[in-house]
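Inside the fold
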Amino acid sequence: MTKVSLIGSGNVAQHLIKAFQLDNSIEIVQVFARTNKNLEHLIDSDRITSDYSQLQVADIFIIAVSDDAIAEVSSALPFENQLVAHTSGTVALTTMHAKNRRAVFYPLQTFSKDKKVNFKTIPICLEAENEKDFQILNQIANSISDAVYTINSEQRKALHVAAVFVNNFVNHLYQIGNEICQENHIPFDILKPLIQETANKIVTLSPKEAQTGPAKRNDQKTIRAHEQFLTDEKQATIYKLITQSIQNYGKKL
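Bear in mind the structure is a predicted one, so any value in this text is a computation, not a measurement.

1. Regarding the packing of aromatic side chains
A full pass over the atoms with the stated rule returns 5 aromatic pairs. On the numbers, 6.4 Å between centres and 55 degrees between planes, the contact of Phe 20 with Phe 105 is tilted. On the criterion of sequence distance, the pair formed by Phe 20 in helix H1 (residues 11-21) and Phe 105 in strand S6 (residues 101-107) is long-range, its members being 85 residues apart. Given the relative accessible area of 1%, Phe 20 is considered buried. For Phe 105, a relative accessible area of 0% gives the class buried.

Here you go:
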């Protein structure tokens with residue numbers, strides 16, 4: 001059984017706790033959290049500590065905190081030559097303190113506090129400084145996921161930028177669409193089948209093949225009508241920028 005301790009109590013840490021608890025080959029030794037509040041519904045209080053010096057022996061310590069805190073947390077760990085992995089999509093492996101064996105255990109998914117996820121479908125991207133540590137990561141990852149990848153720090157940085165485009169930016173566009181609906185007394189639910197079908201098409205088509213709409217068709221009459229309708233300057237700017245990007249995509253400069 002692989003012994004795992006987690007450092008952090010946010011969304012990623014909580015979802016990892018749930019995933020690890022479902023697998024009999026993984027034992028959660030401890031979770032470090034400044035308070036028990038975020039974790040008391042997930043794990044016994046005697047396995048939660050707010051004191052680094054009280055951290056017990058484990059096969060791997062997984063740091064699941066904000067990107068800006070990773071270096072500080074890795075430096076604060078009161079031991080050396082232990083396997084320590086972070087869960088960030090953007091932070092390089094070498095950002096962590098070199099006193100321990102450094103690795104990355106990056107689950108590529110959007111995590112919300114009360115939204116259940118199926119970890120078996122979540123890609124987990126791994127990186128380690130040596131083969132022995134990679135095998136420990138790989139064993140844990142394959143215990144909870146059916147999609148495990150070897151991704152180095154530069155690739156992970158590119159992957160995270162791509163993820164921001166397809167997830168965070170797209171969700172922001174949902175927000176704008178929702179605002180337009182609300183302003184015009186239209187239920188946003190009307191758009192949900194369209195949103196779902198747009199996502200479903202990517203399973204069988206490339207994004208290029210799936211692209212439709214007035215910008216793709218170069219329907220200038222519709223585009224001008226949309227631009228005139230959008231009285232909100234920020235919405236209009238985003239509309240024009242994305243329209244131009246769709247129309248210019250693939251063209252040689």
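Picking up after the structure, the text goes on.
2. Observations regarding the nonpolar core
The biggest cluster of nonpolar side chains holds 30 residues, and the ones touching the most others in it are Leu 6, Phe 20, Phe 105 and Ile 144. Here this core gets 5 residues from one element, more than from any other, and that element is helix H3 (residues 131-144). In this structure Leu 6 touches Ala 13, Leu 16, Ile 17, Phe 20, Ile 28, Gln 30, Val 31, Phe 32 and Ile 62, once residues within four positions along its chain are discounted. One finds Phe 32, Val 73, Leu 77 and Val 91 within the second-largest nonpolar core, a separate group that totals 16 residues.

3. Some remarks on H3
With 14 residues, H3 extends 20 Å from end C-alpha to end C-alpha; this agrees with the ideal 20 Å at 1.5 Å per step. Residues of H3 that are buried include every one of Asp 133, Phe 134, Leu 137, Ile 140, Ala 141, Ser 143 and Ile 144, and no others. Structurally, the start of H3 carries an N-cap: the backbone nitrogen of Lys 132 is 3.1 Å from a side-chain oxygen of Asn 130.

Reading the values: the criteria
- Residues numbered from 1 in each chain as written.
- Predicted model: local features only at pLDDT ≥ 70, side-chain atom pairs only at ≥ 80, totals over all residues.
- Heavy atoms only, no water.
- Phe/Tyr/Trp six-rings, centres within 6.5 Å; stacked < 30°, edge-to-face > 60°.
- Helix = DSSP H or I, 4+ residues; strand = E, 2+ residues; numbered from the N terminus.
- Buried < 20%, exposed > 50% of the residue type's maximum accessible area, 1.4 Å probe, protein only.
- Core = buried A, V, L, I, M, F, W, Y, C linked by side-chain atoms within 4.5 Å.
- Contact = heavy atoms within 4.5 Å.
- Expected span 1.5 Å × (residues − 1).
- Polar contact = N/O pair within 3.5 Å; in protein donor to acceptor, adjacent residues only side chain to side chain.

Fair warning: the whole summary comes from geometry, so function is off the table for now.
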